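The chain contents come next:
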Amino acid sequence: MTPHQWLNRVASLIAASLLLASHALAADKAPHQQYPDAAASDPVKLGWMAGSPPPADRILRFDDGSYFRFPAMRWSVSHFRELMPTVNVSRGLGPATSLSRALREDIDRLEFKRLDSGEKMTWSESLQANYTDGIVVLHQGRIVYERYFGALQPDGQHGAMSVTKSFVGTLATMLVAEGRLDPARKVAEYVPELASSAFGSATVRQIMDMTTGIQFSEDYADPNAEVWAHAAAGNPLPKPKDFTGPRTYYEFLRTVKPQGLHGEAFGYRTANTDALGWIIARVTGQSVAQLLSDRIWSQLGAEQDAYMSVDSIGTPFAGGGLNTGLRDLARFGEMIRNNGFYNGRQIVQAAAIEDIRKGGKPSDFAKAGYQLLHGWTYRNMWWITHNEHGAFAARGVHGQTIYVDPKAEMVIARYGSHPVAGNAANDPTSLPAFHALALHLMAHSR
């Protein structure tokens, strides 16, 4: 098999897989393909990977791509570490922080209007429309709503997809606040290996805000798009002996070519986060997974260890490889809402949170053409709404979300397995629901 044939084989095997789907957040057009609804695609009812061994037609594998074909992927998103190599993100040995509960019975029937049609929908209906696997709502630090569906359980973990980017962006922002990372310096000053790539002449700030001018197409219909080479490089499966392409995320980053000018427009490209992960590793001497454990995860009082998928040499996938428990995702969001203070300590500098919340340049973001995100910006790998509540979010394909509403004192952590990767498919029934809930909690506080 020639390297070209192998690359095509990889593309066909892992199309729509985690390694690729984590890039697709930028898509702002949802296909009109019809899929079975949430009830019909319930992974437990369909019996994926159930049995000893499972029936042949219920077995999912990483190496043939079956694990990420809908509806099978609704099981896989809660079981990634059973299918691919990962590295642990330790919670440490301390006790978990307590999350008090003040559950409300009035949320399920809360009504809002869809962004696309203007039709009314209830909160409960939206969860099914969005193929929600689990959702936790915190109000003033207390759990007011918690639901699980499909394969996700309270003690389970789920792929965060591109929500991972916001964790990586937060780590970088912390290093900036400490003076260990200078956002004005060129990338090549921190990682000389990237000097001859498009990243070398970009500033760290341009990487953090994704305003780099790089040649990186995420058009999955194009077999020559750079996204395929990126996925092939990060794929941990053995390469053919005569394969000469990049074999790791770091090797791929060195091949990225320039396109356009740095600093002129926002362009959502996962390769930026992988480059930032390399910068962080070089500055700190720790991988993203190790630093995340030391600086955030072990400080939160998380209930569970997290983990990250890795390439063939163990490099964590900074662009989308994180997996966590749902309540721990909510804990992280609550820490961010409280300006970095949580579990009795200042985990993230208040100045770092302030820098995230101020957002980026509206003119840069507008050039990306997000029809459903008018007025938003992007800063430090967070999505900033600039609405009247100052809400901001971490977002990942297939419906992964941390939504922070400071004015409403509300945090929403949601994991999902929507059949369409791009968030434009679920935003019409998610964004207005989140804002309606914020208004409701403010008006009916207990």
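Cut-offs used in this document
- Residues numbered from 1 in each chain as written.
- Predicted model: local features only at pLDDT ≥ 70, side-chain atom pairs only at ≥ 80, totals over all residues.
- Heavy atoms only, no water.
- Buried < 20%, exposed > 50% of the residue type's maximum accessible area, 1.4 Å probe, protein only.
- Helix = DSSP H or I, 4+ residues; strand = E, 2+ residues; numbered from the N terminus.
- Arc of directions from axis to C-beta.
- Contact = heavy atoms within 4.5 Å.
- Core = buried A, V, L, I, M, F, W, Y, C linked by side-chain atoms within 4.5 Å.
- Pairing = 2+ DSSP bridges.
- Axes fitted to C-alpha atoms, helices over the stretch in contact; angles between N-to-C directions.
- Phe/Tyr/Trp six-rings, centres within 6.5 Å; stacked < 30°, edge-to-face > 60°.
- Lys NZ or Arg CZ within 6 Å of the ring centre and 35° of its normal.

Draft legend 1. Inspection of helix 14 (residues 350-357) at higher detail. Residues of helix 14 that are buried include every one of A352, I353, D355 and I356, and no others. On an axial view of helix 14, the arc spanned by its buried residues comes to 160°, and they lie on one face. Where the residues of helix 14 are buried, they touch helix 6 (163-177), helix 8 (204-208), helix 13 (326-337), strand 11 (377-379), strand 12 (382-384) and strand 13 (392-396). Immediately beyond the C-terminal end of helix 14, within one or two residues, lies G359, with a positive phi of roughly 80°.

Draft legend 2. Region of interest: the nonpolar core. Ranked by internal contacts, the top residues of the largest apolar core, which has 82 residues, are F167, F199, I296, F332, M335, W383 and I402. In terms of nonpolar packing, the next biggest core, distinct from the first, is built from 22 residues, L110, V137, V144 and F434 among them.

Draft legend 3. Geometry of the sheet that holds strand 14 (residues 400-405). On the basis of which strands lie adjacent, the open sheet formed by seven strands has the order 5-4-15-14-13-12-11 and antiparallel pairing. Strands at the two margins of the open sheet, each flanked by one partner only, are strand 5 (142-148) and strand 11. Strand-to-strand, the axes of this sheet are offset by a mean angle of 20°, without reference to chain direction. Alignment of strand 13 against strand 14, held across five bridges, turns out to be antiparallel. By the bridge assignment for strand 14, G396 is matched with Q400. Those strands touched by helix 13 are strand 4 (132-139), strand 5, strand 12, strand 13, strand 14 and strand 15 (410-416), and its axis lies near 145° from that of strand 15.

Draft legend 4. A look at the packing of aromatic side chains. This model, assessed by the stated rule, comprises 26 aromatic pairs. Here the aromatic rings of Y35 and F70 are separated by 5.4 Å at their centres, their planes lie at 75°, and the arrangement is edge-to-face. Here Y35, found in the loop between helix 2 (18-21) and helix 3 (43-46), pairs with F70, found in the loop between helix 3 and helix 4 (73-76); they are 35 residues apart in sequence, far enough to count as distant. The partly exposed category is assigned to Y35, whose relative accessible area is 26%. With centroids separated by 5.2 Å and ring planes inclined at 20°, the aromatic side chains of F266 and F365 adopt a geometry described as stacked. Taken together, the residues span a long stretch of sequence, with F266 in the loop between helix 10 (249-253) and helix 11 (270-284) and F365 in helix 15 (residues 362-366) at a distance of 99 residues. Take F266 and F365: they sit in the same class, and that class is buried. Counting every residue linked through ring pairs, the aromatic cluster contains F266, Y268, F365, Y370, Y378 and W383. Note that R58 overlies the ring of W48, its terminal NZ or CZ placed 4.0 Å from the centroid. Here the basic side chain of R395 rests over the ring of W383, its NZ or CZ set 5.4 Å away from the ring centre.

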